Structure formats: structure tokens, C-alpha cells
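Residue-level structural notes
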Amino acid sequence: MTIQVEEFGTGVGYYKGASRGWGGSGKTTTGIIIGNGLKHYLKLPGKVAMFDTETGGEYVNAISKNGDKRLGVVGTGQNIVGCKARTLGELLEFIPWCVSHDIAFLLIDSISHVWTEVQRSMLAQINAVRESQRKNAIAKLEFQHMEALKTKWATFTDAFLNSKLHIHFCGRAANIWNFVENEDGKKELQKSGEKMKAEGEMEYEPALLLDMERVPNDKEIIHRCTVLKDKFGRMNGAQMDDPQFEFFMPFVKMLTLGAVNAVDVTRQTDMKISEE
């Protein structure tokens, strides 16, 4: 194998972001705010697209098309174009479709549905094989299935990171639980944090990772956005209630439009394995 050596410094050309949060925390709307903002700021000619797993697209289409002064959104004058589906296969087809159709920005909402679908499909197919072998069905995926599951999911990770497309995905929040010893010396489950309801390493992938919260305030709900991760290091820990596109500009300004920052995932290590 001949290694490929290059000099860094060409920059990052495509926005790769994500947000997690509980229901009603503003994940979808914030995604549209970012998408419309990128389209106008970067002067991208294409439409905003959406991989819609929970019929949220129709609720935000008017905001994207017509704009919303209250949210600081400038309208595109175009309807969102989308794919209403949940399977990983359809998502993997939709991403290159967006690239070939010069889509300005892709919002995936929700990646949690896609992750659940992959697990359910794998379980159903395993049980179909077991039935053909006259074996009992299993109730859930087991440890020995995880490698194949993660290998399949990696196809999305590669597409997300390497595609020449601005992408933001939303994920539902989930609690992290750990056993903690209480005052009586007994172990009990306690909440120790939150994570995205998706494949376990999914939060490593986006360059900009947001946590969205729903905060009651008198008679209204505030959508609080906290930047959990900014790979450029400009916004780590930044926080804003009901964020508008201007809030994300320290990250966006670091993008170099058109620069390609991809990893060759086709190459493999020669493990010198020889089996009959």
C-alpha cells in the first residue's frame, strides 16, 4: 500500500453539524435556521432538502420558504424538497441524490429513527433466518451482532463526513444511567448525563454539536442552545436562547467554500490472513 501524503491548510468546505434534544426543544427549527442561513450567507444556488422521518418537514416548510422575522430567517422562496422515509438504505440513496441535484443544505430529522430502523431490520432478518433453521426467535440483538450492525452504520458515517454537501442531523435525547452506591450501601440506578439516541459513537462525527433544551419561562417556552463541540474551537460552551443564524457565525466563517476534507475509506489493511 502506498500512503497518500498531503499538506493541510486547504480548509473545510462543507458544514457538518448535529443537534440533540428532547421533544419540543427546537431541533428541527434550529436546523432550518442554520440551513437557510448557510444558503444565503454562502450564496448557494440549490434548494434546502430534508430527510424527514417524522413528518416535520411540512411544519417548517413555510419558515424556510417565506422566512420568519421573529426567528431571523430569510426565506429561500422555494419549497423544501425531501424524502419521507426511515430506512438507512433510502438515506444513503438520498445523500448522493442531493449532491447530484446541487442541493444547498440537507437536514436529517431524525437520525434516531434511522438508527432504530436499522436495529429492527437486523433483528427481523436474523429471526427470519432462525425460523428457517427451526430455531427460537430472539427478543433483541445480542453482543455477537454488534460488529455487523456497526459496520453497516459506518456507511452513513462515511457518507455524512465525505459527501460534498452541507448536512445537519437531529437526534432525540436519551438519558445515561449508571449504578451508584446509596447511603445504605446498595447500588441503585441514577441518571448521570444525556446522549443522543443513535449509534454510540455518533456524537464524535459532527464538527458542530448542539444541545437543545426546552426551558419554561412565564407563559412561553425558550429554546436554549448550547454548543457542546466546535472542532474549530470558536464556540465551545457558547449558549443562546432562541438562537438565530448570527449566533453560529463564528463557526460558519471558518468554512472555506468548496474545499474538500475527506478521508479515503476504500483502502484496507492487509491482515495477511490465509484460510482455506
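The sections below set out a description of the structure shown in this document. Since we're looking at a predicted model, the values are computed, not measured.

Turning our attention to the overall build of the chain. When its secondary structure is counted, the chain shows six helices and 11 strands. Across its three principal axes, the chain shows a C-alpha extent of roughly 60 × 60 × 35 Å. Split into buried and exposed, the 276 residues of the chain put 42% on the buried side. Taking the contacts inside the chain whose residues are at least 6 apart along the sequence as the reference set, 64% of them involve residues at least 24 apart. Of the roughly 16,500 Å² of accessible surface on the chain, 50% is carried by carbon and sulfur atoms.

Turning to the nonpolar core, a few remarks are in order. In this structure, L106, I108, I111, W153, F156 and F169 are the most contacted members of the largest nonpolar core, which totals 33 residues. Looking at this core, the element that brings in the most residues is helix α4 (residues 111-132), giving seven residues. Ignoring anything within four residues of it in the chain, the contact list for I111 reads L91, W153, F156, F169, C170, G171, M196 and A198. Within the second largest apolar cluster, 32 residues are counted, among which are V60, I80, L107 and L210.

Before going further, it helps to examine helix α3 (residues 88-100). Helix length check: α3, at 13 residues, gives a terminal C-alpha distance of 19 Å against a target of 18 Å (1.5 Å per residue), a fit within 8%. Every buried residue belonging to α3 is among L88, L91, F94, I95 and C98, and all of these are buried. Down the axis of α3, the smallest arc covering the buried residues is 115 degrees, so these residues share one side. Every exposed residue of α3 that faces more than 90 degrees away from the buried side is listed here: E93 and S100.

Glancing now at the side chain of D68. Inspection of the secondary structure puts D68 in strand β3 (residues 67-68). R70 provides the closest opposite charge to the buried, unpaired D68, separated from it by 4.0 Å. Of note is the side chain of D68, whose polar atom sits 2.9 Å from the backbone nitrogen of R70. Leaving out residues up to four positions away in the same chain, D68 has contacts with I63 and V73.

Time to look at the pairing of strand β2 (residues 48-52). Side-chain positions along a regular strand alternate between the two faces of the sheet. In terms of residue burial, β2 counts as a mostly covered element, since five of its five residues are buried. Residue alternation in β2 divides its side chains into two sets, V48, M50 and D52 and A49 and F51, and both sets are buried. Two strands pair when backbone bridges link them, and β2 and strand β6 (residues 105-109) are joined in this way by five bridges, in the parallel orientation. The residue bridging A49 from the neighbouring strand is L106, located in β6. Summarising the sheet, β2 and strand β5 (residues 81-84) pair through four bridges and their orientation is parallel. Across the sheet, F51 pairs through a bridge with C83, a residue of β5.

Rules behind the numbers
- Here the residue index of a chain counts from 1 through its sequence in written order.
- Thresholds applied to this predicted model are a pLDDT of at least 70 for local features of residues and 80 or more for the giving and counting of side-chain atom pairs; totals over whole chains, interfaces and linings are not thresholded and use all residues.
- Processing note: side-chain calculations cover all non-hydrogen atoms of the structure and skip hydrogens and water entirely.
- Strands here are runs of E lasting at least two residues and helices are runs of H or I lasting at least four, both read from the DSSP assignment and numbered beginning at the N terminus.
- To sort residues, take the accessible area from a 1.4 Å probe on protein chains only and compare it with the maximum for the residue type: under 20% means buried, over 50% means exposed, and anything in between is partly exposed.
- Only heavy atoms matter for contacts: two residues are in contact if any of them lie within 4.5 Å across the pair.
- Note on areas: these come from Shrake-Rupley sampling with a 1.4 Å probe, and a residue is covered only by the protein chains present in the view.
- For this analysis, a nonpolar core means a set of buried residues of the types Ala, Val, Leu, Ile, Met, Phe, Trp, Tyr and Cys, connected via side-chain atoms within 4.5 Å.
- Given the number of residues in a helix, its expected span is that number minus one, multiplied by 1.5 Å.
- In this description, one arc is meant: the one made by directions from the helix axis to the C-beta atoms.
- A residue counts as positive if it is Lys or Arg and as negative if it is Asp or Glu; His and the chain ends are not included.
- A carboxyl oxygen of Asp or Glu within 4 Å of a side-chain nitrogen of Lys or Arg is what we treat as a salt bridge.
- Contacts described as polar in this section are N or O atom pairs within 3.5 Å, which, within protein, must combine one atom able to donate a hydrogen with one able to accept it, while residues neighboring in sequence count only if both atoms come from side chains.
- Strand pairing is defined by DSSP finding a minimum of two bridges between the two strands.

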